[in-house]
Amino acid sequence: GLVREIFAGTGLARLRLSSIEPMDWDEELIGLMAEFGGTRLARHAHLPLQSGSDAVLRRMHRRYRPWHYVEKVEALLRAAGPELTLGADVMVGFPGETDAEFAETMNLVRALPIGYLHLFPFSPRPGTRGWALHAMQPVRAAVVEERMAALRTLAVQKSETHRKWFVGRELEAITLHTPPEMEARGWTAALTENFLPVELEGRREANRLVRVRASGLTAEGTLKALLPDA
């Protein structure tokens with residue numbers, strides 16, 4: 001309702017939704033993505049995952065199961081199309097996480113069209129249920145770091161695959177405040193409507209909506225782009 005009110009009562013050119021729990025992407029909100037995605041609503045969805053293991057999600061008391069997560073991703077892709085950039089949070093080393101449970105997370109991440117990951121090791125907090133679980137079934141620090149490294153490698157692969165798909169395509173973007181070292185090279189930082197970082201050839205003012213054509217990837221995996229008529 002709030003999103004519809006914003007669109008009806010303002011001239012806002014583009015709205016980007018922040019992190020939203022999987023189960024809060026209800027039919028109406030997904031319908032808004034189908035109706036406005038790519039125009040006034042950014043085709044970008046960040047859905048916290050935490051784990052691809054049903055058993056771990058239950059220990060976390062999350063409100064969804066892995067199959068619920070997959071259903072929401074599929075519904076969002078139908079609504080927004082393949083230009084959707086999907087982001088996810090994944091936590092490593094939750095108390096009692098076994099090799100098999102971690103493998104479930106890796107397999108689910110591999111299977112989903114994820115564009116980027118935010119990765120976190122479990123951090124016990126006094127007074128929480130997780131603190132008590134950690135006291136009983138801690139995951140060794142060396143194992144946590146090993147699993148974090150595996151997910152970091154996978155995250156780079158997923159991000160590169162997603163971004164390469166856009167090379168040669170035109171995208172809406174907004175110019176950003178450019179870091180001095182990039183500006184010195186004659187490029188401008190930008191962010192596409194679907195949340196892909198871009199290095200745009202030429203110097204541009206910040207906070208300008210532009211249409212760009214992706215021409216390749218930098219060594220760091222950022223999209224390089226030109227103006228379509230360049």
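If you're wondering where the values come from, they're calculated on a predicted model, not measured in any experiment. (Residues numbered from 1 in each chain as written. Predicted model: local features only at pLDDT ≥ 70, side-chain atom pairs only at ≥ 80, totals over all residues. Heavy atoms only, no water.)

Taken as a whole, the largest pocket encloses approximately 280 Å³ of empty space. Lining the largest pocket are 17 residues, and of these Ala155, Val156, Ser159, Glu160 and Arg163 lie nearest its centre. Elements supplying a minimum of two residues to the lining of the largest pocket: strand S3 (114-121) and helix H7 (141-164). The leading source of residues in the lining of the largest pocket is H7, at six residues. Here the residues of the lining of the largest pocket are counted per class, giving eight nonpolar, five polar and four charged. (1 Å grid on protein atoms, 1.4 Å probe; cavity = no way out; pocket = protein on both sides within 12 Å on 5 of 7 lines; lining within 4 Å. Points joined across faces, edges and corners; volume = space filled by probe spheres on them. Helix = DSSP H or I, 4+ residues; strand = E, 2+ residues; numbered from the N terminus. Nonpolar A, V, L, I, M, F, W, Y, C, P; charged D, E, K, R; others polar.)

Another point: the pairing of strand S4 (residues 170-175). Only one face of S4 is buried: it carries Leu171, Ala173 and Thr175, and the other face, with Glu170, Glu172 and Ile174, is open. Taken together, the five bridges between S4 and strand S7 (residues 209-217) define a ladder with antiparallel strand orientation. By the bridge assignment, leucine 171 is partnered in S7 with valine 212. As paired strands, S4 and strand S5 (residues 187-192) are joined by three bridges and run antiparallel to one another. The partner of isoleucine 174 across the bridge, within S5, is leucine 191. (Buried < 20%, exposed > 50% of the residue type's maximum accessible area, 1.4 Å probe, protein only. Pairing = 2+ DSSP bridges.)

End to end, H7 covers 35 Å across 24 residues, agreeing with the expected 34 Å (1.5 Å per residue, within 8%). Along H7, the residues that are buried comprise Val143, Val144, Arg147, Met148, Leu151, Leu154, Ala155, Lys158, Ser159, His162 and Arg163. Residues of H7 that are buried in the fold lie against strand S2 (85-92), helix H5 (99-111), S3, strand S6 (197-201), S7 and strand S8 (223-226). (Expected span 1.5 Å × (residues − 1). Contact = heavy atoms within 4.5 Å.)

For the rest of this paragraph, the subject is the packing of aromatic side chains. Within the structure shown, the criterion is met by five aromatic pairs. With a centroid separation of 5.3 Å and an interplanar angle of 75°, the aromatic rings of phenylalanine 94 and phenylalanine 122 are classed as edge-to-face. Remark: phenylalanine 122 occurs in the loop between S3 and helix H6 (129-136) and phenylalanine 94 occurs in the loop between S2 and H5; sequence separation between them is 28 residues. The exposure classification of phenylalanine 94 matches that of phenylalanine 122, with both residues buried. A cation sits over an aromatic face here: arginine 169 above tryptophan 165, 3.6 Å from the ring centre. (Phe/Tyr/Trp six-rings, centres within 6.5 Å; stacked < 30°, edge-to-face > 60°. Lys NZ or Arg CZ within 6 Å of the ring centre and 35° of its normal.)

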